[in-house]
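Architecture at a glance
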Amino acid sequence: MDGVNFTKGHGAGNDFVIVEDVDGALDLTPAQVVALCHRRFGIGGDGVLRVVRTAKDPAAAGQAAEAEWFMDYRNSDGSIAEMCGNGVRVFTRYLVTHELAEPSPTGIPIATRAGVMVAIVEGDQIRVHMKSPRVYAASTATTGPLTFPGVAVDCGNPHLVCGLHDGLPLDSLDLHVGPGFDRALFPAGVNVEFVVGAEPLPEADLHVAMRVFERGSGETLACGTGALAVGAVALRDAGLAMGVVAIDLPGGRLTVTHDAEDRWWLAGPAVLVASGETTPA
Ligand SMILES: N[C@H](CCC[C@H](N)C(=O)O)C(=O)O
């Protein structure tokens, strides 16, 4: 890609190459995304966040009245996903850092392929009003000889939340290869989460730990929509209509809250690491 300005950022270690394309002039191809995300031959990332005015992109133009900016999210394999929870926080950090948007107590609306999310900057944390997760089927995932029971959750993108057998440690899972799943239930693929309970915390109703194998990116250090799916299943399994779930991932902690107004929130860090310019190929 000829001389494109980029910024590198991450949310709990889920990292992204941010490409500013305010007027929608870039026709970002899957091959260009793969090249940008390549960890040796490129900048490196789990995905790309293209920053474009909503009105300038047909994929989200219908949301232009609600949100000035569209997060065009791509996985590192070049595929398109509907939503990225860590990505929307990093995207918001980029907007306010580059003064493309003003932080406000009522939040910054961000258009995505899963609809408009609203992000509130709270110091080093950013809290996002997410699309409500929908638990819709029982299923299973397999890794090697092991099969785990799970539930399908729609967070705008597809998730399969699996519990580990009693006592099996999370780090014993081999996630070098993607888990097996029911392709009839998930024809467009699925993000697979593996969850175990964790020690109670005073600041949360529930506390769990998870790992994730993401559709289109492989195992990542964190997955925001995956944490949302895990939080929804954890509250349901605990019989809690609302509450706060602290979720520990290899890259850090995210917090999922289901509040009394039936809103679902994802909170976590969002860090910009560096900026630069790609050199012409
Ligand atoms: N790989 C996901 C998109 C990114 C999700 C994750 N990085 C997040 O923070 O939500 C998918 O294909 O649905």
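Procedures and definitions
Residues numbered from 1 in each chain as written. Predicted model: local features only at pLDDT ≥ 70, side-chain atom pairs only at ≥ 80, totals over all residues. Heavy atoms only, no water. UniProt positions renumbered as here; feature names shortened; annotations may be inferred. Near = heavy atom within 4 Å. Polar contact = N/O pair within 3.5 Å; in protein donor to acceptor, adjacent residues only side chain to side chain. Areas by Shrake-Rupley, 256 points an atom, 1.4 Å probe, with all protein chains shown as cover. 1 Å grid on protein atoms, 1.4 Å probe; cavity = no way out; pocket = protein on both sides within 12 Å on 5 of 7 lines; lining within 4 Å. Sits in = over half its atoms within 2 Å of the grid points. Helix = DSSP H or I, 4+ residues; strand = E, 2+ residues; numbered from the N terminus. Buried < 20%, exposed > 50% of the residue type's maximum accessible area, 1.4 Å probe, protein only. Contact = heavy atoms within 4.5 Å. Points joined across faces, edges and corners; volume = space filled by probe spheres on them. Nonpolar A, V, L, I, M, F, W, Y, C, P; charged D, E, K, R; others polar. Phe/Tyr/Trp six-rings, centres within 6.5 Å; stacked < 30°, edge-to-face > 60°. Lys NZ or Arg CZ within 6 Å of the ring centre and 35° of its normal. Domains from an automatic or database assignment. Buried area = accessible area lost by both parts, 1.4 Å probe. Salt bridge = Lys/Arg side-chain N within 4 Å of Asp/Glu carboxyl O.

The protein chain is annotated in an unreviewed UniProt entry as Diaminopimelate epimerase from Paractinoplanes pyxinae. In its Subunit (unreviewed entry) section, the UniProt record describing the protein chain reads: "Homodimer." One UniProt comment on the protein chain, placed under Pathway (unreviewed entry), says "Amino-acid biosynthesis; L-lysine biosynthesis via DAP pathway; DL-2,6-diaminopimelate from LL-2,6-diaminopimelate: step 1/1."

1. Digging into the site of the ligand
Looking at the ligand, there are 15 residues lining it, with Gly85, Glu214, Arg215, Gly224 and Thr225 nearest. Contact between the ligand and Gly85: an oxygen atom at 2.8 Å from a main-chain N or O atom of the residue. Protein chains shield 100% of the accessible area of the ligand, which is 360 Å² for the free molecule. Cavity membership is defined here by more than half of the atoms lying within 2 Å of grid points; on that basis the ligand lies in the largest cavity. Elements with a contribution of two residues or more to the shell around the ligand: strand S4 (69-75), helix H2 (85-97) and helix H3 (224-237).

2. Section: unusual backbone geometry
At Ala12, a position not held by glycine, the phi torsion is positive, near 55 degrees. Mapped onto the secondary structure, Ala12 falls in the loop between strand S1 (5-11) and strand S2 (14-20). Using a relative accessible area of 2% as the deciding quantity, one classes Ala12 as buried. Not every positive phi belongs to a glycine, and Asp262 is a case in point at roughly 65 degrees. As for its position among the elements, Asp262 is in the loop between strand S15 (252-258) and strand S16 (264-269). Since its relative accessible area comes to 48%, Asp262 is described here as partly exposed.

3. Focus: the UniProt feature "active site" (unreviewed entry) in the protein chain
The feature "active site" (unreviewed entry), as annotated in UniProt, sits at Cys84 and Cys223 in this numbering. With the annotated positions falling across 140 residues, the maximum pairwise C-alpha distance of 7.7 Å places them together in a single cluster. Residues that both appear in the annotated list above and line the largest cavity are Cys84 and Cys223. In this structure, Cys84 sits in the loop between S4 and H2. Among the residues examined, Cys84 registers a relative accessible area of 6% and is labelled buried. The contacts of Cys84, once residues within four sequence positions are left out, are Asn14, Phe16, Met71, Tyr73 and Thr225. Tracing the chain through its elements places Cys223 in the loop between strand S13 (218-220) and H3.

4. Some words on empty space enclosed by the protein
Counted by the stated rule, this structure contains one cavity of 30 Å³ or more. Here the largest cavity is characterised by a volume of approximately 90 Å³. Around the largest cavity, the lining comprises 15 residues; the ones closest to its centre are Met83, Cys84, Asn157, Glu214 and Thr225. Going through the elements one at a time, S4, H2 and H3 are the ones with two or more residues in the lining of the largest cavity. Its residues assigned to classes, the lining of the largest cavity comprises five nonpolar, eight polar and two charged.

5. A word on the packing of aromatic side chains
On inspection of all chains with the given rule, the structure shows three aromatic pairs. Measuring from centroid to centroid gives 6.2 Å for Phe16 and Tyr73, while their planes differ by 80 degrees, and the two rings are edge-to-face. Taken as a pair, Phe16 in strand S2 and Tyr73 in strand S4 lie far apart in primary sequence, 57 residues in all. Directly above the ring of Trp265 sits Arg127, whose terminal nitrogen or CZ lies 4.5 Å from the centroid.

6. Observations concerning the domain arrangement of the protein chain
Assigned domains of the protein chain: these are domain 1 (5-131) and domain 2 (134-262). Computed over C-alpha atoms, the centres of domain 1 and domain 2 are 23 Å apart. Taken together, the contact pairs 20 residues of domain 1 with 19 residues of domain 2. A buried area of about 1300 Å², summed over both sides, lies between domain 1 and domain 2, and 49% of it is on carbon and sulfur atoms. For the domain 1 face of the interface with domain 2, the top three residues by lost area are Ala12, Glu82 and Lys131, together amounting to 33%. One can count one salt bridge joining domain 1 with domain 2. Across the salt bridge formed by Glu82 and Arg215, the nearest N and O atoms sit 2.8 Å from each other. Across the contact surface, domain 1 and domain 2 share eight residue pairs in polar contact (both at pLDDT 80 or more). Every element with two or more residues in the side of domain 1 that touches domain 2 is listed here: S4 and H2.

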